[in-house]
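Examining the three-dimensional arrangement
Given next are the chains, with one letter for each unit.
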Amino acid sequence: MSSSPRNYQNYSDLLWVLVWKNVTLRYKQSRLGLMWLILRPLMLVGIFMVVRGFVGIDSGQVPYALLTYCAMVPWTFFQEAATDGVGSVVGHANLIKKIYFPRVIFPLASLLTKAVELIVGLAILALMMLWFRWVPGWQALWVVPILLYTMLVALTISLAGAALNVFSRDLSQGVPLLLGLVMYLSPVMYPLALVQRALLEHQAAGPSSSFLYTLYTMNPMVGVISSMQRCLLEDVPPDWAVLLPGAAMVAVLLPLSYLFFKRAEAYFADVI
Amino acid sequence: MSERTPDANGQPVIEVKNLTKAYRLGVLESFRTTAKRLLGRAVDKQRQFKALDDVSFSIQPGEVVGIVGHNGAGKSTLLKHLCGITTPTSGSVTVRGRVAPLIEVGAGLIGELSGLENIYLNGVILGQSKADIDAKVDEIIEFSELADFIDTPVKRYSSGMQARLGFAIATSIDADILIVDEVLSVGDLAFQRKCFERMDQLLRRGGKTVLFVSHNLRQVERLCSRALLLDHGKLLLDDTSSVVCESLFERMQGIASARTTVNTRIESTGEISLCGIEVSSDDGRLVDSIRSGQSLKVTVEFSSSATIEQPSIIIGTHTPDYIYINAGSSATEAERPDIVPGVHRVSYEIPAFPVIPGVYLIRFSVYDGNHRPVFLGESLSSFMVTPSSGEIQKAGMRLIEIPGRWSL
């Protein structure tokens, strides 16, 4: 197919109209509307606060609710963008079978839809900081690149996942389950400092402690969440040592994921 | 309107070379096989079905080309390749220009969104930019006659309204190559006429290359300069539309005669049973097709096990969709013998059978003197009516031909 600049214009229009459609559809005929966006993270924060009442999680100087919600915002964004992205191609089967345009538009539209919803999450976070009189400093500007990086993390999963899901619907069942578990392997409910203290200072797992810690930080969301908290709540730049292992993972896996998607794309219409 | 005008480079807009598309038969393949295939490894050969088999042709800019063939001939698969939805198993497809598929009317409408929102959504999905749609939206609303309902969610539309909206959007698309896959007329009669006009306009709009898929051979013959005949995935014929359509008529004849007994409907008291039906032409030869306007003679042979007094025998024809064309009753004959036990032959001759080309079926019934039905049979045998000379010049949209005179 020809790919004139005009096509690009049309494809980007298509992308944005799909995003607008996704956002609109989710809240048509729903009374609570946008409230649903913040209900889930807020309820989880509530549950964490109850749990913390029993087990005692040290959140340092930062109010625990603020610390967890600050982790919840990028986490929810990531989880929903990845989950939605995995189902995005199959969800548009009727279009896939009828019309050609670059299929990558579907996972991208899912991602951008969640990015629009992320704005609401960030607004609530701002209100919370106002409530706790927690004033961010200049380091808060890091939030923008961090959230862009979070998009890449989500795409790593959603591209390959969306393509595989066409061939086997197990992905759209398995990925949400898996990500629900990974949340507990990410410093959402507890601060990263606790993990560092246990594994780096106390060597809690014996000689393999450092290795385990590196393994832990290979989860890119560890770096994302820790950076969000540092920049917004502690006014210090991201900890590059925490970000690096995860970023290396993304740097390797994202291109592979994209190539896989492009390769599988040709079979979508036949198999879906 | 559709002379073959090569563009500046003299290149065809569509070039299909040795296109073959094979689908694997069977249910889902295993995850492992899929993974292997995606990684580019060799997988075991499975049973394959060739939806397209070594098809080659090219189309010049501005041509209006019909694609005809029976169900399952590969028409839709071919269109999918031209739209870039699927990739060939082997061979190549080159398309130079923007393709707009006029897909099934209303396929992409989303119920929760309003009519206006759907116009934008479907427009961009069909490859238009937002600016294009801005320019056309009023025309689309006007054409669909939905101005009062345009802010209502589409799920509250009647199916006719949805179809109207879908048709209005689909036919507003602007592209170098239009692919029209049997976009049927929708809605009430007045809107149907609008649809026909719109399709005609689209097909005749200068400079556009149009691929037109239809089962309506007369429409193809009328609108297209050239046609491709597909059969079981093979390109059988690539010629002017009249030659191709004629050939398809002839092929249909073979299929029709093979299908004669499939849908036969008979209700009988048992007194009469059918032995055979023959169709013969002017010269008395037995035939299975006649030319439009030629004479038609139907001979029915039946056996009777009882005596039927003052019978009326009816021989008539109907179309495959049960539009009864004509029927002659022997009740109009003053002299008619009773049916006595034994085998009988009756025949009914029509000097000129002036229907349009197509497949027709024969019905035969017998009533006794009290008008009690003894034997009722429909779709008993079929025959073909082929075009008489000059069929292309004749008007479309008719069923029979009644001679008339012009003064111009």
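Thresholds applied
- Residues numbered from 1 in each chain as written.
- Chains lettered and ligands numbered in written order.
- Predicted model: local features only at pLDDT ≥ 70, side-chain atom pairs only at ≥ 80, totals over all residues.
- Heavy atoms only, no water.
- Contact = heavy atoms within 4.5 Å.
- Buried area = accessible area lost by both parts, 1.4 Å probe.
- Salt bridge = Lys/Arg side-chain N within 4 Å of Asp/Glu carboxyl O.
- Polar contact = N/O pair within 3.5 Å; in protein donor to acceptor, adjacent residues only side chain to side chain.
- Helix = DSSP H or I, 4+ residues; strand = E, 2+ residues; numbered from the N terminus.
- Nonpolar A, V, L, I, M, F, W, Y, C, P; charged D, E, K, R; others polar.
- Pairing = 2+ DSSP bridges.
- Axes fitted to C-alpha atoms, helices over the stretch in contact; angles between N-to-C directions.
- Buried < 20%, exposed > 50% of the residue type's maximum accessible area, 1.4 Å probe, protein only.
- Phe/Tyr/Trp six-rings, centres within 6.5 Å; stacked < 30°, edge-to-face > 60°.
- Lys NZ or Arg CZ within 6 Å of the ring centre and 35° of its normal.
- Parallel < 35°, antiparallel > 145°, perpendicular 65-115°, else oblique.
- pLDDT = per-residue confidence, 0-100.

Much of the literature gives interface size as the accessible area that the parts lose upon coming together. Each partner contributes residues to the interface: chain A has 35 residues there, and chain B has 39 residues. Between chain A and chain B, roughly 3200 Å² of surface is buried when both sides are summed, and carbon and sulfur atoms account for 64% of that area. On inspection of chain A and its partner chain B, the count reaches one salt bridge. In this structure, the salt-bridge partner of B:Lys21 is A:Asp270, at a minimum N-O distance of 2.6 Å. Where chain A meets chain B, there are five residue pairs in polar contact (both at pLDDT 80 or more). Looking at the side of chain A that touches chain B, the elements with two or more residues in it are helix H1 (5-27), helix H4 (93-96), helix H6 (143-167), helix H11 (240-265) and helix H12 (268-271) of chain A. For the side of chain A that touches chain B, the residue count by class is 18 nonpolar, eight polar and nine charged.

Residues and elements named next belong to chain B. If you walk across this open sheet you meet the three strands as E2-E1-E4, and the pairing is antiparallel. Both edges of this open sheet fall to strand E2 (48-59) and strand E4 (90-95), since each of them pairs with a single strand only. Adjacent strand axes in the sheet meet at a mean angle of 25° when their direction is disregarded. Bridge analysis of strand E1 (residues 14-24) against E4 gives five bridges, and the strand direction is antiparallel. Within the sheet, the bridge partner assigned to valine 16 lies in E4 and is valine 93. Each of E1, E2 and E4 is contacted by helix H2 (residues 75-83), which is oriented at about 120° to E1, the strand it contacts most.

Glancing now at the pattern of salt bridges. Inspection of the entire model under this criterion finds 20 salt bridges over all chains. Across the pair A:Lys262 and A:Glu265 runs a salt bridge, and its minimum N-O distance is 3.4 Å. Taken as a pair, A:Lys262 and A:Glu265 lie in helix H11 at a separation of three residues, close to a single helical turn. Here A:Lys262 falls in the partly exposed class, since its relative accessible area comes to 32%. Given the relative accessible area of 12%, A:Glu265 is considered buried. Between B:Lys155 and B:Glu112 there is a salt bridge, with the nearest N and O atoms lying 3.2 Å from each other. Remark: B:Glu112 occurs in the loop between strand E5 (99-102) and helix H3 (115-125) and B:Lys155 occurs in the loop between helix H4 (130-144) and helix H5 (159-170); sequence separation between them is 43 residues. Residue classification places B:Glu112 among the partly exposed positions, given a relative accessible area of 29%. Residues participating in the shared-partner salt-bridge network are A:Arg26, A:Arg40, A:Glu80, A:Lys114 and A:Glu117.

Turning next to the sheet that holds strand E11 (residues 272-280) of chain B. Residue and element names in this part refer to chain B. Read across the sheet, three strands follow the order E11-E13-E16 without closing on themselves; strand pairing throughout is antiparallel. Strand pairing shows two members of the sheet lacking a second neighbour, E11 and strand E16 (342-350), which therefore form its edges. Neighbour to neighbour, the strand axes of the sheet diverge by 20° on average, direction disregarded.

Another point: unusual backbone geometry. Notably, A:Asp235 is not glycine yet its phi reads approximately 55°, a positive angle. By the element assignment, A:Asp235 lies in the loop between helix H10 (220-234) and H11. Judged by relative accessible area, A:Asp235 falls into the partly exposed class, the value being 36%. The phi dihedral of B:His371 is positive, around 65°, even though this residue is not glycine. Position of B:His371 among the secondary structure elements: in the loop between strand E17 (358-367) and strand E18 (373-386). Among the residues examined, B:His371 registers a relative accessible area of 56% and is labelled exposed.

A separate point is the packing of aromatic side chains. Under the counting rule described, the total for this entry stands at ten aromatic pairs over all chains. Cluster of aromatic residues (ring-pair linked, three or more members): B:Phe302, B:Phe364 and B:Phe375. One residue, A:Arg103, lies across the ring of A:Phe101, its end atom 5.7 Å from the ring centre. Over the ring of B:Tyr322 we find B:Arg265; its NZ or CZ atom is 3.9 Å from the centre of that ring.

Looking now at the packing of helix H9 (residues 209-217) of chain A against H11(A). Residue and element names in this part refer to chain A. Running from N to C, H9 and H11 cross one another at 65°; their axes reach a closest spacing of 7 Å. Taken as axis vectors, H9 and H11 run roughly perpendicular relative to one another. Together, Tyr213, Thr214 and Thr217 of H9 and Val242, Pro245 and Gly246 of H11 make up the contact between the two elements. Of the residues in the contact of H9 with H11, the class split is three nonpolar, three polar and no charged.

Attention now goes to the confidence of the model for chain B. With 84% of its residues at a pLDDT of 70 or more, chain B shows a mean pLDDT of 81. In the predicted assembly, ipTM is 0.77 and pTM is 0.72.

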